[in-house]
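Close look at the chain arrangement
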Amino acid sequence: MLRGNYPAKVDDKGRLKIPAAFLEELREQGSKFFVTSENGDFAQVYPMTVWNEIEEKLAKLPMHNRTKRKFLARSNYYGQMVDLDAQGRILVPTILRDAAQTKGDVVVTGQLRHLEIWNHARYLEHMKANPITEDDEKTLGDLGI
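Broken down by element type, the chain carries six helices and eight strands. Against the 2.2 N^0.38 benchmark of 15 Å for 145 residues, the chain shows a C-alpha radius of gyration of 16 Å, consistent with a compact globule. Considered along the principal axes of its C-alpha atoms, the chain spans approximately 40 × 35 × 30 Å. Approximately 9100 Å² of the chain is accessible, and the part contributed by carbon and sulfur atoms is 53%. Across the chain, 21 positive and 21 negative side-chain charges occur, with their mean positions spaced 6 Å apart.

It is worth spelling out the pairing of strand E3 (residues 32-36) at this point. With four of five residues buried, E3 is to be regarded as a mostly interior element. Relative to strand E5 (residues 80-83), E3 runs antiparallel, the two being bridged by four bridges. Pairing of Phe-34 across the sheet is with Met-81, part of E5. Connecting E3 to the antiparallel partner strand E4 (residues 43-47) that follows it, the hairpin turn spans six residues, and Gly-40 within it adopts a positive phi of roughly 85 degrees.

Attention now goes to the packing of aromatic side chains. One pass over the full model with this rule turns up seven aromatic pairs. With centroids separated by 6.0 Å and ring planes inclined at 25 degrees, the aromatic side chains of Trp-51 and Phe-71 adopt a geometry described as stacked. Residue Trp-51 is located in helix H2 (residues 48-59), and its partner Phe-71 is located in helix H3 (residues 66-78); the two are separated by 20 residues in the primary sequence.

Before going further, it helps to spend a moment on unusual backbone geometry. Of note in the backbone geometry, Gln-101 takes a positive phi value of approximately 55 degrees without being a glycine. By secondary structure assignment, the location of Gln-101 is in the loop between helix H4 (94-100) and strand E7 (104-110). Despite not being glycine, Leu-112 has its phi angle at roughly 70 degrees, a positive value.

With that settled, consider the side chain of Lys-68. In this structure, Lys-68 sits in helix H3. Here Lys-68 is buried and forms no salt bridge, its nearest opposite-charge partner Glu-55 lying at an N-O distance of 11 Å. In this structure Lys-68 touches Leu-58, Ala-59, Leu-61, Pro-62 and Met-63, once residues within four positions along its chain are discounted.

About the thresholds
- The residue numbering used here restarts from 1 in each chain and proceeds along that chain's sequence as written.
- At least 70 in pLDDT is required for a residue's local features to be given in this predicted model, at least 80 for side-chain atom pairs to be given and counted, and no such filter applies to totals for whole chains, interfaces and linings, which use all residues.
- Processing note: side-chain calculations cover all non-hydrogen atoms of the structure and skip hydrogens and water entirely.
- Runs of E in the DSSP output that reach at least two residues are strands. Runs of H or I that reach at least four are helices, and both are numbered from the N terminus.
- Here the globule rule is a power law, 2.2 Å times the number of residues to the power 0.38, and the radius of gyration is based on C-alpha atoms.
- Only the protein chains shown count as covering a residue, and every accessible area follows the Shrake-Rupley method with a 1.4 Å probe.
- For the purpose of charge, His is not counted, nor are the chain termini; Lys and Arg are scored as positive and Asp and Glu as negative.
- One atom stands in for each charge, and that atom is NZ of Lys, CZ of Arg, CG of Asp or CD of Glu.
- Accessibility here uses a 1.4 Å probe with only protein chains present; expressed as a share of the type maximum, an area under 20% marks a residue as buried, one over 50% as exposed, and anything in between as partly exposed.
- Any two strands between which DSSP finds at least two bridges are classified as paired.
- Paired rings are identified among Phe, Tyr and Trp, the last through its six-membered ring, by centres lying within 6.5 Å, and are further divided according to the angle between planes into stacked (under 30 degrees), edge-to-face (over 60) and tilted (the rest).
- One side-chain nitrogen of Lys or Arg within 4 Å of one carboxyl oxygen of Asp or Glu is enough to make a salt bridge.
- When checking whether two residues touch, look at their non-hydrogen atoms; a contact exists if any pair is within 4.5 Å.

As far as function goes, none of this settles anything; it's purely spatial.
See below:
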């Protein structure tokens, strides 16, 4: 499982050095990743094994399903398949890098099966704007958490 928050840098060429805490587990899943976003606010890094599972679920929906079409439009607009290089770096696509403001110092967080890459200030704003609510606490409680 991918967990925790680690600072990292996106270099001038758009490459992110994957934090060491995540690198071994990601390498176990292969060297190909899909880097994308649903809204351009941050980047999501999916091992291809995980992304393939998402695509298989989407493929079961009818072609004209609006939610499927919206999700695919956004994930394909921002997304690209990338390779993990020998130095443990991946390329963040230019369109996504610009939209998410992920240049220089960034925050890389584990989301169990994928990573998120955030502009640090934007991440703090996001957490402040989306506090844990009573409904969230109930949902977590129902799960025994």
